[in-house]
Amino acid sequence: MDTIRTEDIDHDRRRLLGAAAKGIVAAGAASLLPAQSVAAPDDAIRPFRINVPEADLVDLRRRIIATRWPDRETVNDRSQGTPLAKLQELVRYWGTDYDWRKVEATLNALPQFVTTIDDVDIHFIHVRSNHPNALPVIVTHGWPGSVIEQLKIIDPLTNPTAHGGRAEDAFDVVVPSLPGYGFSGKPTGTGWDPDHIARAWAELMKRLGYTRYVAQGGDWGTPISSAMARQRAAGLLGIHINLPATVPPEVAAALAGGPVPAGLSDKERAVVEALMISGKNGNLAYFTMMTARPQTVGYGATDSPAGLAAWVLVHPGFAEWSYGDDTGKSPTRDDVLDNITLYWLTNTATSAARLYWENGARGSVIVAAAQRTAEIALPVAITVFPEDVYRPPETWARRAYRNLIYFNEVNKGGHFAAWEQPELFSAELRAAFRSLRPTH
Amino acid sequence: MSAPSQTRRDVLATTAAAGAVSLLNQQTSDAVEGNSTIRPFRIDVPEEKLSDLRRRIAATQWPEKETVEDTSQGVQLRTMQSLARYWATDHDWRKVEAKLNALPQFITEIDGLDIHFFHVRSKHDNALPLIVTHGWPGSVIEQLKIIDPLTNPTAYGASASDAFHLVIPSMPGYGFSGKPTSTGWGPERMGRAWAELMKRLGYARYVAQGGDWGAFVVDQMGLQAPAGLLAIHTNMPATVPADVDKALQVGAPPPSGLSAEERRAYEDLIKTFKQVDYARIMGSRPQTLYGIADSPVGLAAWLLDHNDADGQPAAAVASALNRTTSATGELTRDEILDNITLYWLTNTGVSASRLYWEYKGGFFNAKSVSIPVAVSVFPGEQYQAPRSWTERAYPKLIYYNKVDEGGHFAAWEQPELFSAELRAAFRPLRQP
């Protein structure tokens, strides 16, 4: 694109864009402000850069220093939530040595764009492979994540030969920010549920000129990618998901308080028991809370950096996270703070929580019937990461997805698979989609 | 004893400086003689804490408006912004502080924890001692308007023989009581602590009352049946029969054979269980709520979002936010903010939440209380306990009455009616 435009979006992002404009102007790249008077075509794809005003970072640090803490939890484990000492240590680092500008530079080193779909600005990273015939893939993050979860898979997917893959395994990668998340716009009305987002992604891929592509997602990315498949998005060849909705009806009934069905295999029974224990331990409370009252939970997470950090870390995907003490393990402390800081700077704690409210009536994201998996005729590939919130058995996956072309349980990685095990995750995508690549 | 929490120590230290009583000396002597002594208590919040609160409110970073035109996503932005504006500019904590300090307040250590309480004795002979327990998101501030009607009934058209001596404690982790530093302070332990408190106050025969968590506490006291406890009164009775409760837990359609009244109660409970996600998160991850310790607006929204029969936030609270004065004792905006400010100044948003984590039992299920029980059913309560269920749940039911007004915060909403209920409910237990 040779012109850069900005326009009225929400207040917060406008500030960032304004600053971005100044940055770009200073760099002599283009003038954003005059472009405002030029009517942009509705489907224009505009380059995007992040340049957070220094005052926002100063304000964040000031708020962190002024944090008023509650008293310590009354237990010696994580059973009441993020322990005070761990959060204080993390937040202290956040307010002193942590450097947002590093990840900002990482993001700005990637081609980023914004395009308006159904009146909401959609931010996305779009990295084309150098290899001819690369397969386009749209990768969707979830909550409490963002495009930052996907940064480590971009090079392995677009540039496989540098990561032990083959040139013919290359992907062109599209990584959008969900509506209400990161640098995408915030919906001001209702209706942006996973089905609506799926239709927007199909439009995005169309605008990018992709006529044959695949989709991938974990967490909210799963229902969204699955909805794309259910909707038979034009050009969509198949999907890969890492939080599949496989729980069969009789098991869903048992999880809701009914009797445990007879005839389960040992493996299935183990999964049922793990899900029951997880429910009893309160692992779903964050889910039901945001489903019911996103605005109420949003005030504290919007006004308090520590409140936001703790709310992000409530996700069971962080249950075993070492708070960065294990420096060799991804996500690192900086990775997690990059993600939390992105939520803070874009003021998206509340808008992101609303996706749960939007999903409301549909219910559980892991129950096959709730997600209408029986309506998916397109090929589906699944990788099970053993430390994810549940370990779907292959038997259930085959019942839920009638066109299951790939099922593999790997030996490491959890809920944030792309973030935790980027190389393994990328290898899985290569293997999963190999059979769907058009022959040239 | 363990050191009092930071917040309360600040407050206590100020009290000492004000010369009301020297608590620091008291702490030294406590180490020697134990803390079963009952120490006078006064509140004097440092001005710096109030200006810090106002500063934080003014500096609030707000989310954008909800994407709906109703309360279905939570407390609405315009509600919060309008409340915050008033809170930071015109609300006066010193008024309620003076009101609280005009009452006899005390602290005594029970079971390793400082318990704050009001103790107002009636001037009438043979007044019946009564301990009244608040709930969440309330505090002793909920009970302020019933103190005079209960201790001084003749000023309210009631007879001297209906007088009560009144004890109103702050629950552990709430208000000016200490914050437990280890687990175990659920309603059961509170029930035992309250019995000890009444004993320490020299009351050999007394009654107990509660709504919300206070109802759980009085049910536990009823089960424990401590010496001297004659009866309990509850305005949030736990009456749901076991089979009905089972259906309720899985969200099943109403079981067959329910009367029209029972069916309505069932439907109200189904609705209520869809409005208690705040309880689920506090019951599982209370420590995650750092935002309500750090953000006044975060705290206020959290405390406002409790439901009643007519809405979430409670219709009674929502209408109070628009009521600036009240001639007849109805809830006002200042009272709502008095209570929220008490949570803020004592930094008890998270410690209060832990009560949900502590309690692992059922909510409205019958609990086999065998001592005499009195029940008032307020129309705005989360469910209207049917007489049939109430009689089964409390075999020694001495009083059951459905009143016309008031809701979940009955004592706060309808102090005179609430007081009249207590007089009527406990009348048969008084000694001639």
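Please read these numbers as outputs of a predicted model, since none were measured by experiment. (Residues numbered from 1 in each chain as written. Chains lettered and ligands numbered in written order. Predicted model: local features only at pLDDT ≥ 70, side-chain atom pairs only at ≥ 80, totals over all residues.)

(A) Just the overall build of chain A, in detail. Check the secondary structure of chain A and you find 17 helices and nine strands. Rg of the C-alpha trace for chain A: 21 Å, near the compact-globule value of 22 Å for 440 residues, within the 12% margin. Considering only C-alpha atoms, chain A reaches an extent of 70 × 65 × 45 Å along its principal axes. The buried share of chain A, reckoned over its 440 residues, is 54%. Expressed as a percentage of contacts within chain A between residues at least 6 apart in sequence, the contacts between residues at least 24 apart total 77%. (Helix = DSSP H or I, 4+ residues; strand = E, 2+ residues; numbered from the N terminus. Rg over C-alpha atoms; globule rule 2.2 N^0.38 Å. Buried ≥ 20, exposed ≤ 12 C-beta atoms within 10 Å, placed from the backbone. Contact = placed C-beta atoms within 7 Å.)

(B) How the structure looks around the overall build of chain B. Helices and strands together make up the secondary structure of chain B, namely 19 helices and nine strands. Taken against the 2.2 N^0.38 rule, which gives 22 Å for 432 residues, the C-alpha radius of gyration of chain B at 21 Å falls within 12% of a compact globule. Each principal axis of the C-alpha distribution contributes one length, and for chain B these read about 65 × 60 × 45 Å. Relative to its full complement of 432 residues, chain B shows a buried share of 53%. A sequence separation of at least 24 residues applies to 74% of the contacts in chain B between residues at least 6 apart.

(C) Region of interest: the confidence of the model for chain B. All names here are of chain B. Residues with a pLDDT of 70 or more make up 92% of chain B, whose mean pLDDT is 92. Here residues 1-33 is modelled with pLDDT under 50, and outside its nearest four sequence neighbours on either side it reaches 43 contacts, counting other chains as well. The ipTM, which scores confidence in the relative placement of chains, is 0.91 for this predicted complex, and the corresponding pTM is 0.92. (pLDDT = per-residue confidence, 0-100.)

(D) Up close: the environment of P149 of chain B. Residues and elements named next belong to chain B. Topologically, P149 is positioned in helix α6 (residues 144-151). Taking the number of C-beta atoms within 10 Å as the measure of exposure, P149 has 24 and is therefore buried. P149 sits 119 residues away from D268 along the chain, and the two C-alpha atoms are 31 Å apart.

(E) Broad picture of the domain arrangement of chain A. All names here are of chain A. Domain boundaries assigned for chain A yield domain 1 (1-51) and domain 2 (106-246 + 367-436). If one sorts the elements of the side of domain 1 that touches domain 2 by residue count, strand β1 (residues 45-47) sits on top with three residues. Class assignment of the residues belonging to the side of domain 1 that touches domain 2 gives a composition of six nonpolar, no polar and six charged. (Domains from an automatic or database assignment. Nonpolar A, V, L, I, M, F, W, Y, C, P; charged D, E, K, R; others polar.)

(F) Quick peek at the interface of chain B and chain A. Contacts between the two partners involve 46 residues from chain B and, on the opposite side, 50 residues from chain A. Mapped by element, the contributors of at least two residues to the side of chain B that touches chain A are α11 (277-284), α12 (290-294), α13 (296-304) and α16 (349-358) of chain B.

(G) Focus on helix α10 (residues 285-292) of chain A. Among the eight residues of α10 of chain A, seven are classified as buried, and the element is accordingly described as predominantly covered. What α10 of chain A keeps buried is the set A285, Y286, F287, M289, M290, T291 and A292 of chain A. Structurally, α10 of chain A contributes buried residues whose contacts are with α11 (294-303) and α14 (349-359) of chain A together with α11 of chain B.

(H) Structural detail: the sheet that holds strand β9 (residues 397-402) of chain B. All names here are of chain B. One open sheet holds the nine strands; their spatial order is β1-β2-β3-β5-β4-β6-β7-β8-β9, and the pairing between them is mixed. Edge positions in the sheet fall to β1 (38-40) and β9, since each has one partner strand and no second. Taken over all neighbouring pairs, the strand axes of this sheet differ in orientation by 25 degrees on average, direction set aside. Judged from the four bridges that link them, strand β4 (residues 128-133) and strand β5 (residues 164-169) form a sheet pairing that is parallel. Its bridge partner lying in β5, I131 is registered against V167. Each of β3 (113-120), β4 and β5 is contacted by α6, which is oriented at about 160 degrees to β5, the strand it contacts most. (Pairing = 2+ DSSP bridges. Axes fitted to C-alpha atoms, helices over the stretch in contact; angles between N-to-C directions.)

(I) Representation of the packing of helix α2 (residues 54-65) of chain A against helix α3 (residues 84-96) of chain A. Residues and elements named next belong to chain A. The N-to-C vectors of α2 and α3 enclose an angle of 145 degrees; their axes lie 9 Å apart at closest approach. Here the hand of the crossing between α2 and α3 comes out left-handed. Two secondary-structure elements touch here, α2 through R61, I64 and I65 and α3 through V91, W94 and G95. A per-class count over the contact of α2 with α3 returns four nonpolar, one polar and one charged. (Left-handed = near helix turned anticlockwise from the far one by under 90°.)

(J) Expanded view of the sheet that holds β1 of chain A. Residue and element names in this part refer to chain A. Pairing is mixed across the open sheet formed by nine strands, whose spatial order is β1-β2-β3-β5-β4-β6-β7-β8-β9. The open sheet has two edge strands, β1 and β9 (404-409), and neither has a second partner. Neighbour to neighbour, the strand axes of the sheet diverge by 25 degrees on average, direction disregarded. Of the pairings in the sheet, the one linking strand β3 (residues 120-127) to strand β5 (residues 171-176) comprises four bridges and is antiparallel in character. Looking at the pairing, I125 lines up with V175 of β5. On top of the sheet, helix α5 (residues 151-158) reaches β3, β4 (135-140) and β5; it is set at about 160 degrees to β5, its chief contact.

(K) Molecular detail of unusual backbone geometry. For the bond running from W143 of chain A to P144 of chain A, omega is 5 degrees, close enough to zero to count as cis. Among the secondary structure elements, P144 of chain A is positioned in the loop between β4 and α5. The phi dihedral of R372 of chain A falls on the positive side, at around 50 degrees, and the residue is not glycine. Within the secondary structure, R372 of chain A is located in the loop between α14 and β8 (380-384). In the Ramachandran plot, N126 of chain B falls in the positive-phi region, its phi being about 60 degrees despite a non-glycine side chain. Counting through the fold element by element, N126 of chain B comes out in the loop between β3 and β4.

(L) Structural context of the pairing of β9 of chain B. Residue and element names in this part refer to chain B. Strand direction decides the pairing type here: strand β8 (residues 373-377) and β9, joined by five bridges, are parallel. Paired with V375 across the two strands is Y400, which belongs to β9. Handedness of the β-α-β unit built from β8, helix α17 (residues 387-393) and β9 comes out right-handed. (Right-handed = clockwise from strand over helix to strand, strands pointing away.)

(M) Summary view of helix α9 (residues 266-280) of chain A. The terminal C-alpha atoms of α9 of chain A lie 21 Å apart, and with 15 residues this matches the ideal 21 Å at 1.5 Å per residue to within 8%. One or two positions beyond α9 of chain A, positive phi appears at G282 of chain A, with a value near 85 degrees. (Expected span 1.5 Å × (residues − 1).)

(N) Spatial organisation of the pairing of strand β7 (residues 236-241) of chain A. All names here are of chain A. Counting buried residues in β7 gives six out of six residues, a clear majority hidden from the surface. This β-α-β element, strand β6 (residues 213-217) to helix α7 (residues 221-230) to β7, shows right-handed connectivity. Sheet topology places β7 next to β8; three bridges connect them, and they run parallel. Of the residues in β8, the one forming a bridge with I239 is V380.

(O) The environment of S182 of chain B, seen in detail. For S182 of chain B, the position within the fold is in the loop between β5 and α7 (187-200). Along the backbone, S182 of chain B and D334 of chain B are 152 residues apart, and their C-alpha atoms lie at a distance of 34 Å.

(P) Expanded view of the packing of α10 of chain A against α11 of chain B. α11 of chain B packs onto α10 of chain A with a crossing angle of 155 degrees between their chain directions and a minimal axis gap of 9 Å. It follows that α10 of chain A is roughly antiparallel to α11 of chain B by the angle criterion. For the crossing formed where α10 of chain A meets α11 of chain B, the hand is left-handed. On α11 of chain B, the residues touching A285, Y286, T288, M289 and A292 of chain A of α10 of chain A are D277, R280, I281 and S284 of chain B. Among the residues forming the contact of α10 of chain A with α11 of chain B, the class breakdown is five nonpolar, two polar and two charged. (Parallel < 35°, antiparallel > 145°, perpendicular 65-115°, else oblique.)

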